[in-house]
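# Close look at the chain arrangement
Residue-level listing of the chains:
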Amino acid sequence: MNYLLHLLVYFDIYAILALSLNLVVGYCGLLTLAHASFYAIGGYACALLMLTANWGFLPAMLTGAFLSAVASLTISLSAWRLRGDFFVLASLAVQTLIYSAIYNWSSSKYPIGSWENLTNGSFGLTGIPSPKLFGWEINGTFDYAVFATGVAGLCGFILWRLKSSPWGRLLLAMRDDELAARGLGKNTRLAKIQAIAIASAIAAVAGALYATHVRYLNPDSASLDESILMLNMVIVGGLGNFRGPLVGAAILVGLPEILRFFDFPDAQAANLRLLIYGLLLVLLMHFRPQGIAGNYRLE
Amino acid sequence: MPTISVFPKSEEAPILLHAQGLCKAFGGQVVLDKIELELRQGEVILLRGENGSGKTTLLNILTGNLKPDSGEINYFSNGSPRSYCFPQRWWQELNPFDHFTPEFVAREGIGRTWQDVRLFGSQSLRDNLAIAMSNRFGDNPFFALFSPHHVIEREVEINQAANTMLTHLGLAGREDSSADKISLGQSKRVAIARAVLSGAKILFLDEPLSGLDRQGINDVLTLLQSLVNEQHLTLVIVEHLFNQSHLQGLITTDWLLDNRDITVSTAQTPIHVSSTDTARPAWFSLLAGKNTDFIEESLPHGALLTRIRQPDFFNSPSNPVLEIKDLVINRGQRDIIGLDDQGDIRGFSLTLYEGEIVILQAPNGWGKSTLIGAISGLITPRLGDICLFGQSINDNPVWERIHKGLKVLTSNEKLFPNLSVKEIIEITNNQTDISIFFPNIANRKCSSLSGGEKQRLAFLCQIAPSLSSTLNVLDEPFHGLDYNAVAEVITHLLSGLKTKAVFITIPFGYKP
Ligand SMILES: Nc1ncnc2c1ncn2[C@@H]1O[C@H](COP(=O)(O)OP(=O)(O)OP(=O)(O)O)[C@@H](O)[C@H]1O
Ligand SMILES: [Mg+2]
C-alpha cells in the first residue's frame, strides 16, 4: 500500500512537470531542454528557505516559483529571436549553466545556505523538513499522497483554465504561424514570456513537492537526464492537449515499476529502462508522431 | 520624380495613410526610390508592376514587416496619428512602445493577407476569426485565471461575431472544421475576414485571386465589394495581369510600380488583356503559336481538357507518351479522381500523344494536384495504370520515373532556400545554359527572390529542353508571373518541344 502511495506521489510530481512543459513545447511549439533547471530552482529555493530560514512550506514554495519564473527569462528572451534548433541549443545552454551553478556553488568551510555554500554542491541538501500547512502536519505517506494529489489537481486546474482561455488560443495561433498572429496585432513576444514563466513557476512547485517528499535534494534533479525524461513524457504521451502529458507521465513513471516485477538485478534494470525508453520513442516517432494521445506533431 | 495624383470623388475623403521619401535597397539593388503615396478612405487600389518591381516589398514596409532605409510613414487610420521616421535612432529601437513591428502597425488599423493564406491550420474556423478580435481580459493570463466571468462575457460576444461572419461567408455549419480542411477559395475569404475582424481600416491583399477558380474569384470579389460598400474599408490589392480584369469596377485608383517609382492614376480604362468567362486565358495563344486548332473535351465535375497539336511534331494519335487508364485515387476515405458526374466509380482515362500540349482546366478541389502527384509517383492510386512511353510505371518510385523522362513542376515548388540561384541552376544540370535568364541575381540566395522570380527559376530549371524524349507536367505554372515572364517561359518550353508532350493544369470554371 505504501508503495502504491509513493508511486502516486511520483506520478503527481511528474504530471505537474509534464503538463507545465506541454505549455511550452506543445502550445508554443518551443522545444526546451531547460525544464528540469526550473524544477530544481523551485526545489532548492523551497528547501533552503525551510532549512535555513525556517520558513513555512507555502511561502517557501511560492518564493521558489517566483524565482523560477524570473530565471525563465533567460530562455524566453532567446525565444524572441530564435526558433527551432537554435532555441533548443539556447535552452541547453541555460540548462547547463543552472546545473553547473547548483553543482558548484559549495564550499565545505561554510555552513549550508550561506552565500559561499548555497547548494552544498554534489552532497546535496539533507533533512529537509516535511511541510506544514495551516496546522496540518503532512508526515505520513498517506497524508503526503493526499497533499501531492491536491497540489497536482490545483496545478492541473490552473493550466487547464489557462489553456482553454483566449490566451491559450493565442498561444496555439502563435505556434501555427507567428507572423500571421503578429499581423493581427498580437504581442507574441509577451505571450511567450508569459507562457514560459508560468510553466517554470509550476515546475518549481513540483520541485518543492519533490524536495519535501524525499527530504533530500541533490543536483541530479537539475540534470539533462531529468529534462529529457520530462520531454519524453510529453512526447510519448502527446503534445498540444491536456490528456497527452498525463498519459505520458503515467507510462514513464509506471514503466520502471513494472520492470521491477521481473526481478532484474538493479544495474541491468536501469540500462533496460533506458533501452525501452529509446525504443518507445523511435517506434512512436515512426508510427504515431503526434504521441499516444496528442494532436500536434513537432516538426 | 513627380507623382500625378488624380482623386476624383474621394478628394474630400480623409487621408488614412501618407508616406513620403520611402527608399529601400537590398544590398546594392535599389528597389524603391523616394516613393510618395497617400491613401484616402474608401479608395480601392490596384498595385501592379512586373515581377520583382517591389510590390511585396512595399506591402511589407507599409504593414510593418520590413523597415525602409529612409523615409516617413504616417498612419491616421486609428484616430490618433502616428508617424514613423526612418532611419530610426538606436534609442527608438529600445522604446518598447514605439516599435515599427507588425503588431504595432496592426493596431493602427492596418490588416493584411498573405499570398499563401496562412490561416492557423490546427484551429477551427471559429477560432481563426475569434483570435483576431481582442479580448482585453482574456488575452492576459492573469485575468483568464482569476476573473473568468469578464473573459467569458467577452468570449460570448466574440464567438457570436465569428459565427455571424462565417455565416456571411457562406460557411455556416462549418464553424468547427479545422482551417486546413477547407478549399483554397474558402480559406482566402476566411483570411480576409480575419484581417477585417482584427479592426483593420486599411487592408493590404497580396494576390487574393491567385490560384482560384471562377467560383472562388466571384466569392472573394463579392466579399471585397461588401467590405468597400458596407464597411467603407480601404483596400490595396496586389494582383497579376491575368486576374486584373476581374477587379474592374472595384478599383478606383491604380498604382503602377515601375523603375523604382510609383505612378498614380485613376482607373478608368480597362487595364489590359482581358480574359472573360468564355475566352481562354491570354497565354493560350502564346502556347498555340500560329496553330489555332484547339480540340476540347469536357471531363466530369466541370473540368475541361484542351489539346493543342503542334503541326511540326504531331503526326497522328499513334505514339502515346502518357497513358492513364481507369485511374481511381482516394485521399483518406474519399475517392477523388475517377468518379463520373453521378459519383459512380468509372476510372479516369487520358492519353497524351507525341507533339501534343494538353491543358487541363479544372475547378479547385477537382484533384489536379492529386492527379499530378499520382503521375509523378508521390501518391499511390487505388486502381488503374499509368504508362510512360508505352511502359507501365506503376511500380516505379519517383526518381525512376524521372530517369524515364518525366519532368514535373509542382504548384508550390520548393526550391532550396539557402542555395544561390547559380547553385540551383548547376544542380539541375541543364543542357542549355539557363543562367542567361538571370543576369543580375545569379549570386542571390533563393529565399530572397520575389514570388515571380522564384516561380520563373523553378520553371526554367524543371523544364529544360533535353535530348531524350520527355513528358513535361506542369501544375499551375504561370501563377504569379507577369506577361513578359509568361511569354519567356513559354518560348523556353516550346524551344525544346521535339519528341515530347506537355501536360498543364490550371484552376478554372465552376465546381458543379
Ligand atoms: N530579402 C531580400 N534580399 C535581397 N533582395 C530582395 C529581398 N527581398 C526582395 N528582394 C528583391 O527585391 C526586388 C523586389 O522584390 P518584391 O518581392 O517586392 O517583388 P514583387 O513586385 O512582389 O514581385 P513578384 O511579382 O514577383 O511577387 C526583387 O528583385 C527581389 O529579388
Ligand atoms: Mg510579390
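The rules behind the values
Residues numbered from 1 in each chain as written. Chains lettered and ligands numbered in written order. Predicted model: local features only at pLDDT ≥ 70, side-chain atom pairs only at ≥ 80, totals over all residues. Heavy atoms only, no water. Helix = DSSP H or I, 4+ residues; strand = E, 2+ residues; numbered from the N terminus. Rg over C-alpha atoms; globule rule 2.2 N^0.38 Å. Buried < 20%, exposed > 50% of the residue type's maximum accessible area, 1.4 Å probe, protein only. Areas by Shrake-Rupley, 256 points an atom, 1.4 Å probe, with all protein chains shown as cover. Lys, Arg positive; Asp, Glu negative; His and termini not counted. Charge placed at Lys NZ, Arg CZ, Asp CG, Glu CD. Contact = heavy atoms within 4.5 Å. Salt bridge = Lys/Arg side-chain N within 4 Å of Asp/Glu carboxyl O. Polar contact = N/O pair within 3.5 Å; in protein donor to acceptor, adjacent residues only side chain to side chain. Nonpolar A, V, L, I, M, F, W, Y, C, P; charged D, E, K, R; others polar. pLDDT = per-residue confidence, 0-100. Near = heavy atom within 4 Å. Pairing = 2+ DSSP bridges. Axes fitted to C-alpha atoms, helices over the stretch in contact; angles between N-to-C directions. Phe/Tyr/Trp six-rings, centres within 6.5 Å; stacked < 30°, edge-to-face > 60°. Lys NZ or Arg CZ within 6 Å of the ring centre and 35° of its normal. Expected span 1.5 Å × (residues − 1).

## What about the overall build of chain B?
- For chain B, the helix and strand inventory stands at 15 helices and 21 strands.
- For 512 residues, the compact-globule formula gives about 24 Å, and the C-alpha radius of gyration of chain B, at 25 Å, lands near that figure.
- A total of 512 residues make up chain B; the buried ones form 54% of that total.
- When the accessible surface of chain B is summed, it comes to about 22600 Å², and 51% of that surface belongs to carbon and sulfur atoms.
- Averaging the coordinates of the 45 positive side-chain charges in chain B and doing the same for the 56 negative ones gives two points 3 Å apart.

## Concerning the interface of chain B and chain A
- Tallying the contact residues gives 32 residues for chain B and 24 residues for chain A.
- Linking chain B to chain A there are five salt bridges.
- In this structure, Arg 169 of chain A and Glu 155 of chain B form a salt bridge, with 3.0 Å as the shortest nitrogen-oxygen distance.
- Seen at the junction of chain B and chain A, the total is 11 residue pairs in polar contact (both at pLDDT 80 or more).
- Counting residues per element, the ones that place at least two in the side of chain B that touches chain A are helix 3 (102-106), helix 4 (125-130), helix 5 (141-146), helix 6 (148-168) and helix 7 (184-197) of chain B.
- For the side of chain B that touches chain A, the element with the most residues is helix 6 of chain B, which contributes four residues.
- Taken together, the residues of the side of chain B that touches chain A break down into 15 nonpolar, 10 polar and seven charged.

## Some words on the confidence of the model for chain A
- On average, residues of chain A score 89 in pLDDT, and 99% of them reach the 70 mark or higher.
- Of all the helices and strands in chain A, strand 3 (residues 136-137) of chain A carries the lowest mean pLDDT, 80, while helix 3 (residues 57-71) of chain A carries the highest, 96.

## What about the site of ligand 1?
Residues and elements named next belong to chain B.
- Among the 18 residues in the neighbourhood of ligand 1, the closest are listed as Thr 56, Thr 57, Arg 444, Gly 452 and Glu 453.
- Thr 57 has a polar side-chain atom sitting 2.5 Å from an oxygen atom of ligand 1.
- Relative to its free-state accessible area of 640 Å², ligand 1 is covered by the protein chains to the extent of 86%.
- Partitioned by chemical class, the residues of the shell around ligand 1 number two nonpolar, 12 polar and four charged.

## Notes on the sheet that holds strand 1 (residues 15-26) of chain B
Residues and elements named next belong to chain B.
- Strand order in this open sheet of four strands is 2-1-4-5, and the pairing throughout is antiparallel. Each edge of the open sheet is held by one strand with a lone partner, namely strand 2 (29-40) and strand 5 (82-86). Averaged over all neighbouring strand pairs, the angle between strand axes comes to 10 degrees, with direction disregarded.
- Pairing of strand 1 with strand 2, which is carried by eight bridges, proceeds in the antiparallel orientation. Looking at strand 2, one finds that Leu 17 is bridged to Leu 39.
- The strands touched by helix 1 (residues 55-62) are strand 1, strand 2 and strand 4 (70-75); relative to strand 1, the strand with the most contacts, the crossing angle is about 125 degrees.

## A few points about the packing of aromatic side chains
All names here are of chain B.
- With the rule as written, the count across this model stands at 18 aromatic pairs over all chains.
- Ring centres of Trp 283 and Phe 284 lie 5.0 Å apart, and the angle between their planes is 40 degrees; on these two criteria the pair is classed as tilted.
- Under the relative-accessibility criterion, Phe 284 is labelled buried at 1%.
- Taken together, Trp 283, Phe 284, Phe 294, Phe 459 and Phe 478 form an aromatic cluster joined through their ring pairs.
- Positioned over the ring face of Trp 114 is Arg 118, at 5.0 Å from the centre of the ring.
- If you follow Arg 194 out to its NZ or CZ, it ends over the ring of Phe 120, 4.6 Å from the centre.

## Some words on the confidence of the model for chain B
All names here are of chain B.
- Confidence in the prediction for chain B averages 84 pLDDT; 91% of positions are at 70 or higher.
- Ignoring residues within four places in sequence, the model shows residues 1-9, a span with pLDDT below 50, making 13 contacts including any to other chains.
- Segment residues 270-278: pLDDT under 50, and 18 contacts once partners within four positions in sequence are set aside and those in other chains are kept.

## Considering helix 3 of chain A
Residues and elements named next belong to chain A.
- Taking 1.5 Å per residue, 15 residues should reach 21 Å; helix 3 reaches 21 Å between its end C-alpha atoms and fits that length.
- Among all positions of helix 3, only Phe 57, Ala 60, Met 61, Gly 64, Ala 65, Ser 68, Ala 69 and Ala 71 are buried.
- For helix 3, the secondary structure elements touched by its buried residues are helix 2 (35-52), helix 4 (73-81), strand 2 (132-133), helix 6 (141-163) and helix 9 (188-214).

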